[in-house]
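If you want the building blocks of each chain, they are given just below.
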Amino acid sequence: MGEAAQDVLHGVVHLDDNEARRRMHGRRRLGYALTTVVLTAVMAAAVLDGLGVISAVGVDDAEVAASADGTTLAVRYPTVSRPALASPFVITITRQGGFDDRPVEVTVSTDYLALWDENGILPGPAEETAAAEDLHWTFDPPDGEVLRITYDGRIEPGAQSGGPGRVAVLDEAGDVVVAVRFDTQIRP
């Protein structure tokens, strides 16, 4: 086998071969162009996510609120999250005139809490009981008109899909005073 045939087999390009040089430069330009397009798309997605136009990376959150009988319930929750990322879940209960030294009864849907890997609840509930569809927390009455409950956690690393959630404040008889519904999407 001649030297030229061996060079072709091994991909050797001689600089004096104009056609081979053009092909090599063409492939290199194509590689640069594809790299530029991919990096530009990644940067554009990050900028659009930062502006709130799309949800491409990280965690996005929102707040839903409702009021009834002098009690306001507000829940800050992730609208979009990803497995293993810390995400906000904060329940704020405001009662005009304070809580009158009565315990505060809160329920959260157990299906929603199953999405989470819990690190703690602040303040911790005085009592906790589980029912078929809800986890029931009883909190000691706070000083003042506001009870803020922070669920310190992250989305379960194995979570592949999100789901709806529900939080409610109950009265002494166990009836719902005010409730809110929301939904969290889990993305890869």
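Residues numbered from 1 in each chain as written. Predicted model: local features only at pLDDT ≥ 70, side-chain atom pairs only at ≥ 80, totals over all residues. Heavy atoms only, no water.

### A closer look at the packing of aromatic side chains
One pass over the structure, following the stated rule, counts 10 aromatic pairs. Centroid distance Trp116 to Tyr151: 5.6 Å. Interplanar angle 85 degrees. Geometry classified as edge-to-face. Taken together, the positions of Trp116 in strand E5 (residues 116-122) and Tyr151 in strand E8 (residues 146-155) put the pair 35 residues apart, joining distant regions of the chain. Since its relative accessible area comes to 5%, Trp116 is described here as buried. For Tyr151, a relative accessible area of 7% puts it in the buried group. Ring pairing ties together the aromatic residues Tyr77, Phe89, Tyr112, Trp116, Trp137, Phe139, Tyr151 and Phe182, which thus form one cluster. (Phe/Tyr/Trp six-rings, centres within 6.5 Å; stacked < 30°, edge-to-face > 60°. Helix = DSSP H or I, 4+ residues; strand = E, 2+ residues; numbered from the N terminus. Buried < 20%, exposed > 50% of the residue type's maximum accessible area, 1.4 Å probe, protein only.)

### A few points about the pattern of salt bridges
Inspection of every chain in the model, using the stated rule, returns 4 salt bridges. A salt bridge links Arg102 to Asp100, with the nearest nitrogen and oxygen atoms 3.7 Å apart. Note that Arg154 is salt-bridged to Asp117, the shortest N-O span being 3.1 Å. Here Arg154 is found in strand E8, whereas its partner Asp117 is found in strand E5, with 37 residues between them in sequence. Through salt bridges with shared partners, a single ionic network connects Asp100, Arg102 and Glu172. (Salt bridge = Lys/Arg side-chain N within 4 Å of Asp/Glu carboxyl O.)

### Topic: the confidence of the model for the chain
Considering every residue of the chain, the mean pLDDT works out to 88; 89% of them sit at 70 or more. Mean pLDDT per element in the chain: helix H1 (residues 3-9) is the minimum at 56, and strand E3 (residues 90-95) is the maximum at 97. (pLDDT = per-residue confidence, 0-100.)

### Quick look at the environment of Glu145
Residue position: Glu145 is located in the loop between strand E7 (134-139) and E8. Placed 51 residues apart in sequence, Glu145 and Thr94 show a C-alpha to C-alpha distance of 5.4 Å. If we ignore the near neighbours within four places in the chain, the residues touching Glu145 are Ile93, Thr94, Arg95, Gln96, Gly97, Gly98 and Phe99. Engagement of the side chain of Glu145 in a polar contact is seen with the backbone nitrogen of Gly97, the distance being 2.9 Å. (Contact = heavy atoms within 4.5 Å. Polar contact = N/O pair within 3.5 Å; in protein donor to acceptor, adjacent residues only side chain to side chain.)

### Section: the pairing of strand E4 (residues 104-109)
The buried fraction of E4 amounts to 6 of the 6 residues, a majority that puts the element mostly inside the structure. Examined bridge by bridge, E4 and E7 share 6 bridges and lie antiparallel to one another. For Val106, the partnering residue across the bridge sits in E7 and is Trp137. Pairing geometry for E4 and strand E9 (residues 163-170), over 4 bridges, is antiparallel. (Pairing = 2+ DSSP bridges.)

### Here we look at the side chain of Glu105
Mapped onto the secondary structure, Glu105 falls in strand E4. One buried charged residue, Glu105, forms no salt bridge at all, with the nearest opposite charge on Arg95 at 9.1 Å. Within the structure, Glu105 has its side chain in polar contact with the side chain of His136 (distance 2.5 Å). Reaching out from Glu105, the side chain makes a polar contact with the side chain of Thr138 at a distance of 2.8 Å. Not counting chain neighbours up to four residues away, the residues in contact with Glu105 comprise His136, Trp137, Thr138, Ala168, Val169, Leu170 and Asp171. (Lys, Arg positive; Asp, Glu negative; His and termini not counted.)

### Side note on the side chain of Ser109
Within the secondary structure, Ser109 sits in strand E4. Ser109 gets classed as buried once you look at its relative accessible area, which sits at 11%. Excluding residues that lie within four positions of it along the chain, Ser109 makes contacts with Glu133, Asp134, Pro164, Gly165 and Arg166.

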